[in-house]
Amino acid sequence: MCYSAQIRADYRRYVREWQARISLREFVELFWWKWEDGGTQGRGAKPKIPKAMELAFVDPQTDDERLIKRYIDEANAREALALQAELFKQRKRLADAERALQGRPTKKAAEDQRIAGDKVRRILGWLADLGRTEALERDARIFPLHYAPVMVWEDGQRVIKPMRYGCRPAGVPAFYDTRFPGTYNARRDNLQGFWRKQFGHTHAVMVANAFYENVPRHKVEGRELAPGEAPENQVLEFRPRPTQEMLVACLWSRWSAPGERELLSFAAITDEPPPEVAAAGHDRCIIPIKPEHLDEWLNPQASTPQRLQAILDDRERPYYEHRLAA
């Protein structure tokens, strides 16, 4: 499964390079949700928005963009206040533990020192990220239930909308997400089964330049588990060579229910892996479609299932180099 990806988050590049229109209404609603939620995204609250999507609005040019930036700034300011309060609490806990250890050391004091020290370091890192305006590579990495810009077809043109990575099909109950937690990927061999209401109806692409997989260490090393050895997970980063941005084939859905927020969500289609991905120990791979098939893929109602499958067959086939993820 493709559990994580490195995405393109600067929506203005979609406009320049793919002649796509931005659905700013959905972006405004997403960041309003972040603002309304108190700005605590990323630490147990919703929505989970990668920092790269926020940085795309650092220099707003329109009224909608300025409104989005205000939501981001105000939510982040409130989050910073909450983090500073927690930082004060943990620094006090750390100081109390260090004083106790100077007198009569106890197991509890040592544990408090370790836990408080770890929390202080994490909070300082979060505060630094909140105030940072220069982009880092990790800012554009998404995980299941994170939001990403996704390209769809609407009113006869390409449109960019923010969607959650993890598809909740229309008509299902909200608890579907926990009952089926793997729906951020759509297996190609199940497109006309489990995914039949999306395949041929609501297609999308995610623009990405890398993907990440969980792979058992012994498979990465090309060996069987030794007697008594427990499996150990490693995260591998796969990047296409030559370097390129991939139009990752996806399915999406618009979910709504009385009294609930409308949810746009998507899943990346996966298929059997190329030899180099299989040799690294993984059994699935994303499908990057060719640019000449983009509009036909995004507008599937005009095609047959056989033609859509042919587009997935006639994919880009780069060589995927891998390394341990940072």
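Just above, that's the structure.
Rules used throughout
- Residues numbered from 1 in each chain as written.
- Predicted model: local features only at pLDDT ≥ 70, side-chain atom pairs only at ≥ 80, totals over all residues.
- Heavy atoms only, no water.
- Core = buried A, V, L, I, M, F, W, Y, C linked by side-chain atoms within 4.5 Å.
- Buried < 20%, exposed > 50% of the residue type's maximum accessible area, 1.4 Å probe, protein only.
- Helix = DSSP H or I, 4+ residues; strand = E, 2+ residues; numbered from the N terminus.
- Contact = heavy atoms within 4.5 Å.
- Axes fitted to C-alpha atoms, helices over the stretch in contact; angles between N-to-C directions.
- Parallel < 35°, antiparallel > 145°, perpendicular 65-115°, else oblique.
- Left-handed = near helix turned anticlockwise from the far one by under 90°.
- Nonpolar A, V, L, I, M, F, W, Y, C, P; charged D, E, K, R; others polar.
- Phe/Tyr/Trp six-rings, centres within 6.5 Å; stacked < 30°, edge-to-face > 60°.

(A) Examining the nonpolar core more closely. Among the nonpolar cores identified, the biggest contains 80 residues, and Phe27, Phe57, Phe266, Ile289 and Trp297 are the most heavily contacted of them. Per-element accounting of this core gives the leading share, nine residues, to strand 7 (residues 203–216). Those residues in contact with Ile289, other than ones at most four positions away along the chain, are Val205, Leu247, Ala249, Leu294, Trp297, Ile311, Leu312 and Glu316. Of all hydrophobic cores here, the second largest spans seven residues; its members include Ala80, Leu87, Ile123 and Leu127.

(B) Structural context of the packing of helix 2 (residues 24–36) against helix 4 (residues 63–102). Two elements in contact, helix 2 and helix 4, have axes whose closest approach is 8 Å; the angle formed by their N-to-C orientations is 20°. It follows from the interaxial angle that helix 2 and helix 4 lie roughly parallel. Here helix 2 and helix 4 pass one another in a crossing that is left-handed. Contacts from Leu24, Phe27, Val28, Phe31, Trp32, Lys34, Trp35 and Glu36 of helix 2 reach helix 4 at Asp64, Leu67, Ile68, Tyr71, Ile72, Glu74, Ala75, Asn76, Arg78 and Glu79. Broken down by class, the residue content of the contact of helix 2 with helix 4 amounts to eleven nonpolar, one polar and six charged.

(C) Spotlight on the packing of aromatic side chains. Considering all chains together, one arrives at 13 aromatic pairs under this definition. When the ring of Phe211 is compared with that of Tyr320, the centres are 5.3 Å apart and the planes differ by 80°; the resulting orientation is edge-to-face. Placement of the pair is Phe211 in strand 7 and Tyr320 in strand 13 (residues 319–324), with a sequence separation of 109 residues. Comparing Phe211 with Tyr320, the two get one shared label, buried. Among the aromatic residues, ring-to-ring pairing joins Tyr176, Phe180, Phe194 and Trp195 into one connected group.

Everything listed here is a matter of geometry and, on its own, says nothing about what the molecule does.
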